Amino acid sequence: MSRWSNISAGTLFLRLVLWLLAFVTITPFLLLLLTSIKSKADVLQGAFALPAYPHFENYLAAWNAGHFNIYFWNSIIVVIPVVAASVFLGLLTGFAFAYLSFPFRRTLFAILTLGMMVPAEAFIIPLYYEMRYLGLINTYAALILPQIAMSIPFSTIFLASAMQQLPEEVLEAAVLDGAGRFHILRKIVVPLMVPAMSTLALFLFIWTWNEFLIPFILVNDDDYRTLPLGMLFFQGRYTVNTPVLTAGAVIVIFPLIVTYLIFQRRFIAGLTAGATK
Amino acid sequence: MKRSALDGSQQTNFIYLLPGLLFYAAFVFGPIIAALGLSLTSWDGLSMPKWVGLGNYVDLFSDSRFYIALRNNAELMIFYCVLPLVLGITLAACVWNLKQREQLALRTFLFLPYIMPTAVLGIIWAWLYNPAFGPFNQFLRAVGLGAFALPWLGDFNFVLPAVGIVATWYFFGFCMVIFLTGIQRIDPSLFDAAKVDGASARKTFFWITLPLLLPEIRVVLLLTVIASIKSFDLIFTMTRGGPANATLVPNIYMYQLGFELNRFGAAAAIAIVGAVLTFIINFAIHRLVGSQNKGRA
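Residues numbered from 1 in each chain as written. Chains lettered and ligands numbered in written order. Predicted model: local features only at pLDDT ≥ 70, side-chain atom pairs only at ≥ 80, totals over all residues. Heavy atoms only, no water.

S.K.: Got a sec to walk through the overall build of chain B? Specific residues and values, please.
M.R.: Within chain B, the regular secondary structure consists of 13 helices and two strands. Seen along its three principal axes, the alpha-carbon backbone of chain B occupies a region of about 75 × 75 × 30 Å. Contacts in chain B between residues at least 24 apart in sequence constitute 67% of all its contacts with a sequence separation of at least 6. Total accessible area on chain B is roughly 13500 Å²; 68% of this is exposed by carbon and sulfur atoms. Averaging the positions of the 20 positive and the 13 negative side-chain charges in chain B gives two centres separated by 5 Å. (Helix = DSSP H or I, 4+ residues; strand = E, 2+ residues; numbered from the N terminus. Contact = heavy atoms within 4.5 Å. Areas by Shrake-Rupley, 256 points an atom, 1.4 Å probe, with all protein chains shown as cover. Lys, Arg positive; Asp, Glu negative; His and termini not counted. Charge placed at Lys NZ, Arg CZ, Asp CG, Glu CD.)

Written as structure tokens, this is what we have:
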């Protein structure tokens, strides 16, 4: 019986199929990279043809003429306060849900989880008018404040369940030493929470960087657009110039790919921890 | 009753809750309640809202475009939920006993689309699908399948699957990763026992792997169903609901009614129906797929 050799031949075939599938999956990104270094004339030679030499000037054109320099900084200006504030507020509310008693605990928790299920599309209209009433349309605040609020449910639940995993004895010992609660949170809980906090920050970075609806509705001034939005309006202006369009797309996704490759393992560990909650 | 050694008086406990809750109430929960109220009015965004009770909902359920949007959404679920689930679980079963290094590499590639902004993916795929100079049709012509080189996003019959495939591409690696960690959670002695008993790979999959992956199946279903109901970015950037409503989904319809036609009450009603639909499906999945892991957080 050649059962064993059958299995290995089967495994080899299977691995071939898997790698082929992986290759097909990333092909759009490879094509994007390839096209972003072509000239307009090269594009006419076919999508899979190689250019005579790389035209990196497309990136310059996207960066300057396509306003990607503005969009890029706007994305940074929005992402940093959103991530920082969400992690900070998530620590406080997470701490409360992990360790403290207060009235309407279950109701408040239900109201928070509601925010994780109801998509932004459902409340974007009142949010738009609220922002208009507050005079915040076309400001960074319009991009930052709602996104902090939208990340509070996930931050709270993620950090509260991470805090519940901490050994109770350490905290009890600190209480016996007479340390105040805020002191304990800052000096004992936060240092122990660094891995969970950085995973959370990673997720919030990706989500905020990718957010489309909030900047789409709450901002219509080009000076405040973030990268995904800039890409949409850039597409409208540069429909004929595919190389510059693809260079713009590479500028949007490059920071994501770098972050992903650096934090790959942490990312997937956090994803599955967060998802199965 | 004290919850932990750190518990204090209820007033001081509230200090920890308050900042986060205030933010959440101001920019999420408040607007959700306001949307509920707005859906009961007729409002053009300028004059005073006029109370119409359930009028918007009555109109909606006699609006044939809304039914088209719902049907399209249901069809898209095949591509958002069913295909990624089946593909993801099959791949996870294939990949899990490969060597660590190879598994990691495959996982990295297949998961890549999931971290991208769907709006940008929509723009990229609109270019890939371009009938004249898009790589997709060029590839078909190059391999002698030129007859199948269609104007994908302009074809009434093929546009929904064309958009759907992008959602499948986006989600299947994500599903695989969740299933992979699920398989790693399963006690390996179960697989060893099956091998000793001479069970085939297929039998092991259907009788051991699949039932034990129910919690992960539930998670994947929940996340993809919610994603399909809130699908907006991808469809907006690829087709804006066209051609001729072929990819119209509730959220695109909501955008058209609200921000293009200034019928904000009707738009809010669609948003509320979408949210209610999400709750119902969420509840149904919890009941049907069952939660054997009640002990977990």
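Anyway, onward from the coordinates.
S.K.: Please give an account of the UniProt feature "transmembrane region" (unreviewed entry) in chain B that cites residues and values.
M.R.: All names here are of chain B. This chain's UniProt record puts "transmembrane region" (unreviewed entry) on residues 21-43, 77-98, 110-129, 158-183, 204-229 and 264-285. Here residues 110-129 is 65% helix and 0% strand, with 21 Å between the C-alpha atoms at its ends. The span residues 158-183 is 96% helix and 0% strand, and its two end C-alpha atoms sit 36 Å from each other. (UniProt positions renumbered as here; feature names shortened; annotations may be inferred.)

S.K.: Explain the domain arrangement of chain A to me, and be specific about the residues and the numbers.
M.R.: All names here are of chain A. Taken domain by domain, chain A comprises domain 1 (9-45) and domain 2 (62-274). Centre-to-centre, using C-alpha coordinates, domain 1 lies 32 Å away from domain 2. Taken together, the contacts link nine residues of domain 1 with nine residues of domain 2. Taking both partners together, domain 1 and domain 2 bury about 670 Å²; carbon and sulfur atoms supply 83% of that area. At the junction of domain 1 with domain 2, the criterion picks out one residue pair in polar contact (both at pLDDT 80 or more). When contributions to the side of domain 1 that touches domain 2 are tallied by element, the ones reaching two or more residues are α1 (3-36) and α2 (40-44). Broken down by element, the residue count for the side of domain 1 that touches domain 2 peaks at five residues, all from α1. The residue makeup of the side of domain 1 that touches domain 2, split by class, is four nonpolar, three polar and two charged. (Domains from an automatic or database assignment. Buried area = accessible area lost by both parts, 1.4 Å probe. Polar contact = N/O pair within 3.5 Å; in protein donor to acceptor, adjacent residues only side chain to side chain. Nonpolar A, V, L, I, M, F, W, Y, C, P; charged D, E, K, R; others polar.)

S.K.: Hey, could you go over empty space enclosed by the protein for me, with residue numbers and the actual values?
M.R.: As enumerated under the stated definition, the model contains three cavities of 30 Å³ or more in all. The calculated volume of the largest cavity comes to roughly 60 Å³. Lining the largest cavity, in full, are P119(A), E121(A), A122(A), I229(B), P250(B), N251(B), I270(B), A271(B), G274(B) and A275(B). No other element matches the four residues that helix α13 (residues 264-289) of chain B contributes to the lining of the largest cavity. Across the lining of the largest cavity, the residue classes tally to seven nonpolar, two polar and one charged. For the second largest cavity, the calculated volume is near 50 Å³. (1 Å grid on protein atoms, 1.4 Å probe; cavity = no way out; pocket = protein on both sides within 12 Å on 5 of 7 lines; lining within 4 Å. Points joined across faces, edges and corners; volume = space filled by probe spheres on them.)

S.K.: Explain the confidence of the model for chain A residue by residue, including any values.
M.R.: In the predicted model, chain A carries a mean pLDDT of 88, and 94% of its residues have values of at least 70. At the level of individual helices and strands, chain A shows its lowest average pLDDT in α2(A), which scores 81, and its highest in helix α4 (residues 68-99) of chain A, which scores 96. (pLDDT = per-residue confidence, 0-100.)

S.K.: Lay out the pattern of salt bridges with the relevant residues and their values.
M.R.: Scanning all chains against the criterion turns up four salt bridges over all chains. Here R15(A) ties to E102(B) by a salt bridge, and the two come within 2.9 Å at their closest N and O atoms. Of this pair, R15(A) sits in helix α1 while E102(B) sits in helix α4 (residues 100-111), on two different chains. The exposure class of E102(B) is buried, given its relative accessible area of 11%. For the salt bridge of R225(A) with D222(A), the shortest nitrogen-to-oxygen distance reads 2.8 Å. You'll find R225(A) and D222(A) in the same group, each marked buried. (Salt bridge = Lys/Arg side-chain N within 4 Å of Asp/Glu carboxyl O. Buried < 20%, exposed > 50% of the residue type's maximum accessible area, 1.4 Å probe, protein only.)

S.K.: Let's hear about a nonpolar patch on the surface: which residues, and what values?
M.R.: A contiguous nonpolar patch, built from F48(A), F139(B), V143(B), L145(B) and F148(B) and spanning about 480 Å² of accessible area, is present on the exposed surface. Here F148(B) lies in the loop between α6 (135-142) and α7 (159-185). (Patch = residues over 30% accessible without salt bridge, like charges linked within 9 Å, V, L, I, M, F, W, Y side chains within 5 Å.)

S.K.: So what's going on with the UniProt feature "transmembrane region" (unreviewed entry) in chain A? Residues and values would help.
M.R.: Under the UniProt annotation, "transmembrane region" (unreviewed entry) lies at residues 12-34, 70-100, 107-128, 140-160, 188-209 and 244-263 of chain A. End C-alpha atoms of residues 70-100 of chain A are separated by 44 Å, and the span's content is 97% helix alongside 0% strand.

S.K.: Describe the interface of chain A and chain B, with residues and values.
M.R.: Taken together, the contacts link 93 residues of chain A with 89 residues of chain B. For the pairing of chain A and chain B, the buried interface totals around 8700 Å² over both sides, and the portion due to carbon and sulfur atoms is 78%. Broken down residue by residue, the surface that chain A buries against chain B is led by M117(A), E121(A) and I125(A), which jointly contribute 8%. One can count 18 residue pairs in polar contact (both at pLDDT 80 or more) joining chain A with chain B.

S.K.: I'd like a description of helix α9 (residues 181-192) of chain A, backed by residues and values.
M.R.: With 12 residues, α9(A) ought to run about 16 Å at 1.5 Å a step, and its terminal C-alpha atoms sit 15 Å apart, in line with that. Of the residues making up α9(A), those classed as buried are R181(A), I184(A), L185(A) and V189(A). Each buried residue of α9(A) lies within a common arc of 100 degrees when the element is viewed along its axis, so the set occupies one face. Summarising the contacts, the buried residues of α9(A) are in contact with α4, α7 (140-164) and α8 (168-176) of chain A together with α1 (10-38) of chain B. (Expected span 1.5 Å × (residues − 1). Arc of directions from axis to C-beta.)

S.K.: Explain the state of the cysteines residue by residue, including any values.
M.R.: All names here are of chain B. Tallied over the entire structure, the rule returns zero disulfides over all chains. Considering cysteine sulfurs only, C175 is the nearest to C81, which forms no disulfide, with 8.7 Å between them. Left without a disulfide partner, C94 is nearest to the cysteine sulfur of C175, which lies 15 Å away. (Disulfide = S-S within 2.5 Å.)

S.K.: Explain the packing of helix α6 (residues 120-133) of chain A against α7(A) to me, using residue names and the numbers behind them.
M.R.: Residue and element names in this part refer to chain A. At a minimum axis separation of 12 Å, α6 and α7 run at an interaxial angle of 140 degrees. In terms of orientation, α6 lies oblique with respect to α7. As for the relative orientation of α6 and α7, their crossing is right-handed in sense. On α7, the residues that touch A120, F123, L127 and M131 of α6 are A142, P146 and M150. Across the contact of α6 with α7, the residue classes tally to seven nonpolar, no polar and no charged. (Axes fitted to C-alpha atoms, helices over the stretch in contact; angles between N-to-C directions. Parallel < 35°, antiparallel > 145°, perpendicular 65-115°, else oblique. Left-handed = near helix turned anticlockwise from the far one by under 90°.)

S.K.: Account for the environment of V159(B), with residues named and values stated.
M.R.: Inspection of the secondary structure puts V159(B) in helix α7. For the pair formed by V159(B) and A246(B), sequence separation is 87 residues and the distance between their alpha carbons is 7.0 Å.

S.K.: Tell me about unusual backbone geometry, and name the residues and values.
M.R.: The phi angle of most residues is negative, glycine excepted, and most peptide bonds adopt the trans form. All names here are of chain B. Here G242 and P243 are connected by a cis peptide whose omega angle stands at -10 degrees. Its identity as a non-glycine residue notwithstanding, R240 has a phi of 55 degrees, on the positive side. Structurally, the position occupied by R240 is in the loop between α11 (233-238) and α12 (250-260). The class of R240 is partly exposed, set by a relative accessible area of 46%.

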